[in-house]
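Structural features, examined
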Amino acid sequence: FDRVVRHFPNSHYRPRAQSAGDALKGRSDAQTASKQPAAPPAARPAKPTAASAVPAVVEASRNAQRFYEKAQANDRRLEQRPELKKMRDQWLRSITPYRQALQADPDGPLAPAAIYGLARSYEGLHHWSRNEVDRIQAQKSYEQLIAGYPASPEAAKARSSLGVSVGSPVPHGKENEDAIARVIETAQTAPSTAQSPALTQGTGQPAMVEGLRFWSNPRYTRVVIDADQDAIFTYNELREDPAIGKPQRLYIDVHNSRLSNNLQRSIPINDDLLSDARAGQYTADTVRVVVDIKSAQTFKIFALKNPFRIVLDVWGVETDTVTASLPPGVAPSPSSQRLPPSAIVKQLALGVRRIVIDPGHGGRDPGAPGAIKGVQEKDVVLAISKLLAQKLREQLKCEVILTRDKDVYLSLEERTAIANTQNADLFVSIHTNASPDRRATGFETYILNLATDDEAIRVAARENATSMKNISDLDSILKDLMQNAKVNESTRLASYVQDGALTQLGKKYTIRNKGVKKAPFYVLLGAQMPSILVETGFISNPEECRKLISPEYQRVLVQGIVDGIKRYIDEVNPTALRQVNSGPS
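The rules we used
Residues numbered from 1 in each chain as written. Predicted model: local features only at pLDDT ≥ 70, side-chain atom pairs only at ≥ 80, totals over all residues. Heavy atoms only, no water. Pairing = 2+ DSSP bridges. Helix = DSSP H or I, 4+ residues; strand = E, 2+ residues; numbered from the N terminus. Axes fitted to C-alpha atoms, helices over the stretch in contact; angles between N-to-C directions. Contact = heavy atoms within 4.5 Å. Parallel < 35°, antiparallel > 145°, perpendicular 65-115°, else oblique. Left-handed = near helix turned anticlockwise from the far one by under 90°. Nonpolar A, V, L, I, M, F, W, Y, C, P; charged D, E, K, R; others polar. Core = buried A, V, L, I, M, F, W, Y, C linked by side-chain atoms within 4.5 Å. Buried < 20%, exposed > 50% of the residue type's maximum accessible area, 1.4 Å probe, protein only. Polar contact = N/O pair within 3.5 Å; in protein donor to acceptor, adjacent residues only side chain to side chain.

Let's shift gears to the sheet that holds strand β9 (residues 298-304). Strand order in the open sheet made by the five strands is β5-β1-β2-β10-β9, with mixed pairing throughout. For this open sheet the edge positions go to β5 (257-259) and β9, each flanked by a neighbour on one side alone. Neighbouring strand axes in the sheet, compared pairwise and without regard to direction, differ in orientation by 30° on average. Strand contacts of helix α13 (residues 412-421): β1 (207-217), β2 (220-227), β9 and β10 (309-315), with the helix running at about 20° to β1, the strand carrying the most contacts.

Here it is in structure tokens:
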């Protein structure tokens, strides 16, 4: 309230803020007086000594220094990784500690530098967000710096930024203050269909949040927020508050966005991890999605493009993972609950019990067109995947699940979610390759990682249905997610599948070995098991296209993939397949 009175003297909020502030001060003074014991008649209030004041001053200075250094470190990080400047939450990592440094020691030596850093951060954020309020905050911070610390070196820089010469009056942004006030007032009082020009100026049409979807099992849940165009988003986690009956929550704010009238605003989830997810028009230009958490060990949030969607992955505690890996009727022992899931699987000789096969594309997404008229990737990979599922069941006695068994459309994040929610031990996505060069041929297998060459980038862009430029946006996502990915196991599985397929095909056909490669495929993003993407051949090559639609070629190809998976299982657990094939002892 004091800040409104001090910094917005002409605002229509000032009288109310003055009244509310005076009421709080009066209440605080009365409470303080009632709690103070009566002083003896002869006693005089003790004067604070210099020695008692020094520790408080030193502590304030130390706190300010700590916050300021934290903000400076994030500034350096943004300069080293320019791609992060596109994300609002990355700028807030500087803005918040600069503000904390100023609040910790407003009269200290770092105060001018903290205000200048705050102004520069808002100015940098505005460059990307084009949000009018960010520009106003930058200008206000510069004005505050010049007015409060006119002789500081930072004030000279602020004058330069505002185009104000020394000695000239600083233009007071009355219209800016009114603009912010209008934004706040509109957000609090306007109906959900209102739109605030102050927040959307310069940003074009707001994004429309159109859908909420989820997939879940007892230890994993994926929630997807769909929008019709790219948008900046931030998120935060709120602790449980029993006093007001609020559970632990996670909320995602989609900035410069509107809520579609056709959106189901609340979806019950009610699994072991989450209660529900609900969306609302939080402010005039921000859609907030809140997820109520029952129990969760960790979560990841990332965005995918074309169309734009925000993906939230939530995982449960490790003991749930162990329990889920056991056969029906087998309870985990106390000692087993302390072991990682892979150790439990090996001890019980479970090996690989469940494999998810993902035929790429489908429905309205035909994939790459074949060199032969009428041939489409979605049909070829479905035929190969069905045969692969049959052979895996027959030869390895594994449970096999197809993400699709007919010509239907599935989003890329849905395919990974199926593998995760089905507790799959392996995930294999089947595709055919394509190239503008009709002479291109070969068989190759991919794992999820940063692309290692231009051709891998091209393949990933085509399978992701996005531009090659957008592939660079995945860097920050992958560097975080790959910490938990089964990189080594995926590499081993990919190499065995590559060798198995080439060995079988080489007996009857001429096939080029393009090797095992790395690329950032959306369909593998977030998979919690060894996962690979197989490019079975170039459908754009006339000769290879004829082979890919041949039942005999498909049979040989599939046998090679089965051989590779069998070799992987046998190496991970040599007794697993023998026990399965011989039956229970």
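Next comes the rest of the description.
The next point concerns the packing of helix α17 (residues 487-506) against helix α19 (residues 551-572). The angle between the axes and the distance between the axes are what describe a pair of packed helices. Between α17 and α19, the least distance of the axes is 7 Å, while the angle of their chain directions is 140°. With respect to their mutual orientation, α17 and α19 come out oblique. In the packing of α17 onto α19, the handedness of the crossing is right-handed. Its residues assigned to classes, the contact of α17 with α19 comprises 12 nonpolar, five polar and six charged.

Glancing now at the nonpolar core. Core analysis: the biggest nonpolar cluster contains 43 residues, and Leu392, Ile430 and Ile565 have the highest contact counts within it. For this core, the secondary-structure elements that each account for two or more residues are β11 (354-359), α12 (377-396), β13 (426-433), β14 (443-448), α17, β16 (531-538), α18 (542-548) and α19. With nine residues, the single largest contributor to this core is α19. Excluding its chain neighbours within four sequence positions, the residues that come into contact with Ile565 are Ile355, Leu392, Leu396, Leu426, Val428, Leu493 and Val497.

The next point concerns the sheet that holds strand β6 (residues 266-268). Ordered by their spatial adjacency, five strands build an open sheet running β3-β4-β8-β7-β6, and the pairing between neighbours is antiparallel. Because the sheet does not close on itself, it has two edges, and the strands there are β3 (233-238) and β6. Strand after strand, the sheet turns through a mean of 15° between neighbouring axes, direction not considered. Where strand β7 (residues 274-283) meets strand β8 (residues 286-293), eight bridges bridge the pair, whose relative direction is antiparallel. Paired with Ala279 across the strands is Val289, a residue of β8.

Let's shift gears to the environment of Lys294. When you line up the elements, Lys294 lands in the loop between β8 and β9. Between the C-alpha atom of Lys294 and that of Gln248, which follows or precedes it by 46 residues, the distance is 7.1 Å. Those residues in contact with Lys294 that sit more than four places away from it in its chain are Asn270, Asp271, Asp272, Leu273, Leu274 and Ser275. Looking at Lys294, its side chain comes within polar contact range of the main-chain oxygen of Asp271, at 2.9 Å.

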